[in-house]
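As a plain string of letters, each chain reads:
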There are 2 protein chains.
Amino acid sequence: MSKDVTNLTLLCDYYEYTMANGYVEAGLSDRIVYFDMFFRNVPDNGGFAIMAGLEQIVERIENMRFDESDIEFFRSKGTFGEKFLDYLRGFRFTGDVYAVPEGTPIFPGEPIVTVRAPAAQAQMLETLLLLTLNHQCLIATKANRIVRAADGRGVMEFGSRRAQGSEAAILGARAAYIGGCVGTACTISDKVYGIPASGTMAHSWVQMFDTEYDAFVEYCRLYPTNAVLLVDTYNALESGVPNAIRAFKDTGITKGGIRLDSGDLAFLTRKAREMLDAAGLKDIRIVASNSLDEFIIRDLIDQGACIDAFGVGDRLITSHSSPVFGGVYKLAAVEDGEGRIIPKIKISNNTAKITTPGFKKVYRLFDRDGKAIADQICLADETVDPSVPLTLFDPQAPWKKKTVSGFIAKELQVQVFKGGRRVYDSPSLPEIRRYCEEQIGTLWDEVKRFVNPQEYYVDLSQRLWQLKQDMLNNRAGPGD
Amino acid sequence: MSKDVTNLTLLCDYYEYTMANGYVEAGLSDRIVYFDMFFRNVPDNGGFAIMAGLEQIVERIENMRFDESDIEFFRSKGTFGEKFLDYLRGFRFTGDVYAVPEGTPIFPGEPIVTVRAPAAQAQMLETLLLLTLNHQCLIATKANRIVRAADGRGVMEFGSRRAQGSEAAILGARAAYIGGCVGTACTISDKVYGIPASGTMAHSWVQMFDTEYDAFVEYCRLYPTNAVLLVDTYNALESGVPNAIRAFKDTGITKGGIRLDSGDLAFLTRKAREMLDAAGLKDIRIVASNSLDEFIIRDLIDQGACIDAFGVGDRLITSHSSPVFGGVYKLAAVEDGEGRIIPKIKISNNTAKITTPGFKKVYRLFDRDGKAIADQICLADETVDPSVPLTLFDPQAPWKKKTVSGFIAKELQVQVFKGGRRVYDSPSLPEIRRYCEEQIGTLWDEVKRFVNPQEYYVDLSQRLWQLKQDMLNNRAGPGD
């Protein structure tokens, strides 16, 4: 970030402060509230998304502080009371946060984060929480689609130069790694997060030498164990591949690679493979890049392209075909003076924007083979008892019922903050990446289709469904 | 950014370092090279883009440094020589940079930045330069489309929560402001860059009170000069607008606003306008938000929606319909031992990826009415003499000629670094914003169409065109 933006506390929508100031003035700032973060649609109309970004959320909440220059900034606006400025001066987060661990497959409508905190605090978390998770969930989800399309071939994240800002590059590489990429081109993501960075040469390297052959030989001498030669600076099949073969032969390299970054990758890689094989270079791998995504990769593989690894750039790092993860953060309940939880609902004119009220938790139900059957959203004081058959029903169509038994129920959210104290240690990134792969393995193939996947069931418990119906039938009560 | 990522020097593709290490080893690191940044397509297939992000580029180049932990990181990789690590230890940028000022309309194929520097340095700028400009040019261009669609009504940038990371939010607000937005919801962008932030209430404010009316009255009392009431928490026309009217009346407010964030905005705003007018509240403005972009805004206006200002979120801050600005950075020339400039070309299998060789500059030609006629890319030692008629021709179809005279020629790039020293002071953001509006005023309406705009002419000088043809006819010489 430029200038000295090291404290992101003010990365917050302005209305959070006008509201928080109002809560302070109205004596509501310490009223305990419950907010849920959830999302409404999976990017690319996919069957599931992947949770990512929690580690950054935890750090950012821990670091929320207002310094004197922030206070002065608010004072200069002329609309914030001194009481509020005092409140900011002593600010630290004192609430509870529950969240789904990184790498978990997540589905529309279920709370992936729940915040229980004094109203003004809960409000001031909104923007940073949403943007951090919206970004990383988006990229982890997209990366996973691309990795699945590559069907076992390595996918490198190559997109920094087209990322939407520096954090999009740095944390985008992190999210892509969680989603299954084997590494990144982004050096700082390796240094800071340990995501394996690699990269060999650009066209400029080739152009810097008198001949393409000279450029290749020099590179092979410098990096005999990891020479990946970019063969399309002039003409891939007529010049690049023959020069690469000559350079590998002349330097005695048998393990290395060539990279193609333009042209028809199915045709060129098949031809290049033939030429390499004919030269006895069977262990020279072929890396392909150039505006790839899950669909192009699948087509290339279907057409017999001879590609051992993919470098994927802008279409991954921006989730080009679906560049927004629409997570929202909505008030679900408030506590009254006696600590009773009063559920809250937002109705609005778009039915898709109706919220599910109450303090909630989510169970994921697995069958005996370990496959995920459904998620069930309950009120926080409910428990799912696996020894009792459970009737699931579609909350949009409650006559569609299914009774399950002999399942295993696992709570999805873990507690991350308790009374403002962090009570959660993030697993290492390789652990998160492994967990992600394993959890995706619990989903049915039907849910994993790229196009028109089967909708995974996210149901409400009977009590929660009834509560929501009652509040809808009362037409928002307080609003009328 | 998380952890302590305050130095972005390593936000750099790994291959820049493998190449730079190679240049050091091969004795090429101090060879002077010329790189151009240019882009190939305007986002959304628009007629022009807007330059933005130069101020951050300048800061970032000035701050490029490798500290001991960076050196140690490279050493741990085992493939970088000590000579290179020494080189990094003393690194500072010593080259020249020329760039198009922020706010300028820019077109495909023309160099918007030109770097003349020792090879290893020029290489290490690539990623940071591209990502910074690609991001801000993208958002400024998109914002400007939306602002033009709004046709004089204010557009607020509201997208932080859906931005791709924190810098995308913070600098995205800056770029949106350059593109013509009147302000942002992002508080930190106001504090750091002075972009006017504003915002009033979310649905949660309304839900925090016993009744919607109570919530509105409390807000009106707190902010009597800037009360914008969100009227769609429960039911906009049956509850929200009537409660807002009652609250305005009861608190004596005649200047303020209501905001609608869901439902059919054309219908709801017309109805709301009628209700406000019938209540004598003609100076209560209507603000609309909810997944808006230039096309929806234009349709709403065409359908008689009564909207005074727009809040635009994810579709602006991610440039949703076209989320990548494809700027590239390509070697154009190298100097030989005697300081002679040797042009370089990249040919490749995709003709769209062929580069224009040589050290170049760009002129924009204006007619007597101040309208931009064409841009002409020349070799750096050429000058355009406005007193002599100039024959322009399409570089793709050189028989299509046009002779112009009596024009004004303006060089587009300014020098930003000279021998590593910054020689450019960025104008203030309001100045950049004004300049942008004024420069867009020099474009013909045909170029400004949202769909299928007239292509603006970007021509090559006769000498440059001939040079490129000769190099193409020689089929890349060095590669064969």
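Residues numbered from 1 in each chain as written. Chains lettered and ligands numbered in written order. Predicted model: local features only at pLDDT ≥ 70, side-chain atom pairs only at ≥ 80, totals over all residues. Heavy atoms only, no water.

### Thoughts on the sheet that holds strand S8 (residues 228-230) of chain A
Residues and elements named next belong to chain A. As summarised here, the arrangement of the 6 strands in space is S7-S6-S11-S10-S9-S8, forming an open sheet in which the pairing is parallel. On the outer flanks of this sheet lie strand S7 (183-184) and S8, each paired with one strand and no other. Those strands touched by helix H11 (residues 265-278) are strand S9 (256-260) and strand S10 (284-288), and its axis lies near 170 degrees from that of S10. (Pairing = 2+ DSSP bridges. Helix = DSSP H or I, 4+ residues; strand = E, 2+ residues; numbered from the N terminus. Contact = heavy atoms within 4.5 Å. Axes fitted to C-alpha atoms, helices over the stretch in contact; angles between N-to-C directions.)

### Focus on the domain arrangement of chain A
Residue and element names in this part refer to chain A. The domain boundaries assigned to chain A delineate domain 1 (14-140 + 326-479) and domain 2 (153-317). The centre of domain 1, based on its C-alpha atoms, is set 40 Å off from the matching centre of domain 2. Between domain 1 and domain 2, the residue contacts involve 22 residues of the former and 20 residues of the latter. Across the domain 1/domain 2 interface, buried area totals approximately 1,700 Å², and carbon plus sulfur atoms make up 61% of it. When the area that domain 1 buries against domain 2 is broken down by residue, the three leading residues are Ile139, Leu429 and Arg433, summing to 39%. Our count for the contact surface shared by domain 1 and domain 2 stands at 3 salt bridges. A salt bridge links Glu167 to Arg60, with the nearest nitrogen and oxygen atoms 2.8 Å apart. In this assembly, domain 1 and domain 2 are joined by 8 residue pairs in polar contact (both at pLDDT 80 or more). (Domains from an automatic or database assignment. Buried area = accessible area lost by both parts, 1.4 Å probe. Salt bridge = Lys/Arg side-chain N within 4 Å of Asp/Glu carboxyl O. Polar contact = N/O pair within 3.5 Å; in protein donor to acceptor, adjacent residues only side chain to side chain.)

### Some remarks on the interface of chain B and chain A
Facing 125 residues of chain B, the contacting portion of chain A comprises 125 residues. A combined buried area of about 10,200 Å² lies between chain B and chain A, and 56% of that area is made up of carbon and sulfur atoms. Applying the counting rule to chain B against chain A returns 12 salt bridges. Where Lys77(A) meets Asp190(B), a salt bridge forms, and the shortest distance between an N and an O atom there is 2.6 Å. For the pair chain B and chain A, the interface holds 52 residue pairs in polar contact (both at pLDDT 80 or more). Of the residues forming the side of chain B that touches chain A, the biggest block, 10 residues, is contributed by helix H1 (residues 14-25) of chain B. Tallied by class, residues from the side of chain B that touches chain A come to 54 nonpolar, 40 polar and 31 charged. (Nonpolar A, V, L, I, M, F, W, Y, C, P; charged D, E, K, R; others polar.)

### Re the relation of the copies chain B and chain A
Rotating chain B by 180 degrees and translating it 0.0 Å along the rotation axis places it on chain A, where the RMSD comes to 0.0 Å. The symmetry that links the two subunits is that of a two-fold axis. Mapped onto chain A, 100% of the interface residues of chain B are again interface residues, and the two copies thus contact each other with one and the same surface. (Least-squares fit on C-alpha atoms with pLDDT ≥ 70 in both.)

### Examining helix H10 (residues 236-251) of chain A
All names here are of chain A. Every buried residue belonging to H10 is among Ala236, Ser239, Gly240, Val241, Asn243, Ala244, Ile245, Ala247 and Phe248, and all of these are buried. In the core, the buried residues of H10 are packed alongside helix H9 (212-222), S8, S9, H11 and S10. Two or three places before Leu237, at the start of H10, stands the capping residue Asn235, its side-chain oxygen 3.3 Å from that residue's backbone nitrogen. Once H10 ends, the next one or two residues include Gly252, with phi positive near 75 degrees. (Buried < 20%, exposed > 50% of the residue type's maximum accessible area, 1.4 Å probe, protein only.)

### Here we look at the packing of helix H2 (residues 54-62) of chain B against helix H6 (residues 166-178) of chain B
Residue and element names in this part refer to chain B. H6 packs onto H2 with a crossing angle of 125 degrees between their chain directions and a minimal axis gap of 11 Å. Comparing the axis directions of H2 and H6 gives the class oblique. Between H2 and H6, the contacting residues are Glu55, Gln56 and Arg60 on the first element and Glu167, Leu171 and Arg174 on the second. Residues that form the contact of H2 with H6 fall into these classes: 1 nonpolar, 1 polar and 4 charged. (Parallel < 35°, antiparallel > 145°, perpendicular 65-115°, else oblique.)

### Some remarks on the state of the cysteines
Counting across every chain of the model gives 0 disulfides over all chains. You can see Cys12(B) has no disulfide; the closest cysteine sulfur is in Cys186(A), sitting 8.8 Å from it. Residue Cys436(B) stays outside any disulfide, its sulfur separated by 11 Å from that of Cys137(B), the closest cysteine. Note on Cys436(B): relative accessible area 1%, which makes it buried. (Disulfide = S-S within 2.5 Å.)

### Let's talk about the packing of H1(B) against helix H4 (residues 82-89) of chain B
Residues and elements named next belong to chain B. Two elements in contact, H1 and H4, have axes whose closest approach is 9 Å; the angle formed by their N-to-C orientations is 105 degrees. As far as their axial angle goes, H4 and H1 are roughly perpendicular. Contacts from Tyr17, Ala20, Asn21, Val24 and Glu25 in H1 reach Lys83, Phe84 and Tyr87 in H4. Its residues assigned to classes, the contact of H1 with H4 shows 5 nonpolar, 1 polar and 2 charged.

### A look at the UniProt feature "domain: Nicotinate phosphoribosyltransferase C-terminal" (unreviewed entry) in chain A
Residues annotated in UniProt with the feature "domain: Nicotinate phosphoribosyltransferase C-terminal" (unreviewed entry) correspond here to residues 360-468 of chain A. Secondary structure within residues 360-468 of chain A divides into 21% helix and 39% strand; the distance between the first and last C-alpha atoms comes to 12 Å. (UniProt positions renumbered as here; feature names shortened; annotations may be inferred.)

### What about helix H12 (residues 294-302) of chain B?
Residue and element names in this part refer to chain B. Residues of H12 that are buried include every one of Glu294, Ile297 and Leu300, and no others. Taken end-on, H12 shows its buried residues confined to a sector of 130 degrees, consistent with a single buried face. Against helix H5 (119-150), helix H11 (265-278) and strand S11 (309-312) lie the buried residues of H12. If you check the start of H12, you find a side-chain oxygen 3.0 Å away from the backbone N of Phe295, and it comes from Asp293. Following H12 by one or two positions, Gly304 has its phi on the positive side, about 75 degrees. (Arc of directions from axis to C-beta.)

### So, unusual backbone geometry
All names here are of chain A. In the Ramachandran plot, Asp44 falls in the positive-phi region, its phi being about 60 degrees despite a non-glycine side chain. Tracing the backbone through its elements, the reader meets Asp44 in the loop between strand S1 (32-38) and strand S2 (49-50). Asp44 gets classed as buried once you look at its relative accessible area, which sits at 14%. Phi is positive for Asn45, close to 50 degrees, though the residue is something other than glycine. Considering the arrangement of structural elements, one finds Asn45 in the loop between S1 and S2.

### Examining the sheet that holds strand S9 (residues 256-260) of chain B
Residues and elements named next belong to chain B. Taken together, the 6 strands give an open sheet; going across it, the order is S7-S6-S11-S10-S9-S8, and neighbouring strands pair in parallel fashion. At either end of the open sheet lies a strand with only one pairing partner, and these are strand S7 (183-184) and strand S8 (228-230). Sheet topology note: the strand S6 (residues 154-157)/S11 ladder contains 4 bridges and is parallel. Along S11, the bridge assignment pairs Gly154 with Ala309. Along the sheet, helix H10 (residues 236-251) contacts S8, S9 and strand S10 (284-288); its crossing angle with S9, the most-contacted strand, is approximately 165 degrees.

### Brief notes about the confidence of the model for chain A
The predicted coordinates should not be examined in detail at positions where pLDDT is low. Predicted confidence across chain A gives a mean pLDDT of 95, with 97% of residues reaching 70 or more. In the model, residues 476-480 of chain A has pLDDT below 50 throughout and makes 13 contacts with residues more than four positions away in sequence or in other chains. (pLDDT = per-residue confidence, 0-100.)

### Focus: the packing of aromatic side chains
Residue and element names in this part refer to chain A. Under the criterion given, the structure shown has 46 aromatic pairs over all chains. When the ring of Phe35 is compared with that of Tyr329, the centres are 4.5 Å apart and the planes differ by 10 degrees; the resulting orientation is stacked. Highlighted residues: Phe35 in strand S1 and Tyr329 in strand S12 (residues 328-335), separated in sequence by 294 residues. The class for Phe35 is buried, based on a relative accessible area of 2%. Among the residues examined, Tyr329 registers a relative accessible area of 3% and is labelled buried. Through a chain of ring-to-ring contacts, three or more aromatic side chains come together here, namely Tyr14, Tyr17, Phe66, Phe73, Phe74, Phe80, Phe84, Tyr87 and Phe91. Here the guanidinium or amino end of Arg246 rests over the ring plane of Tyr213, the centre of that ring lying 3.9 Å away. (Phe/Tyr/Trp six-rings, centres within 6.5 Å; stacked < 30°, edge-to-face > 60°. Lys NZ or Arg CZ within 6 Å of the ring centre and 35° of its normal.)

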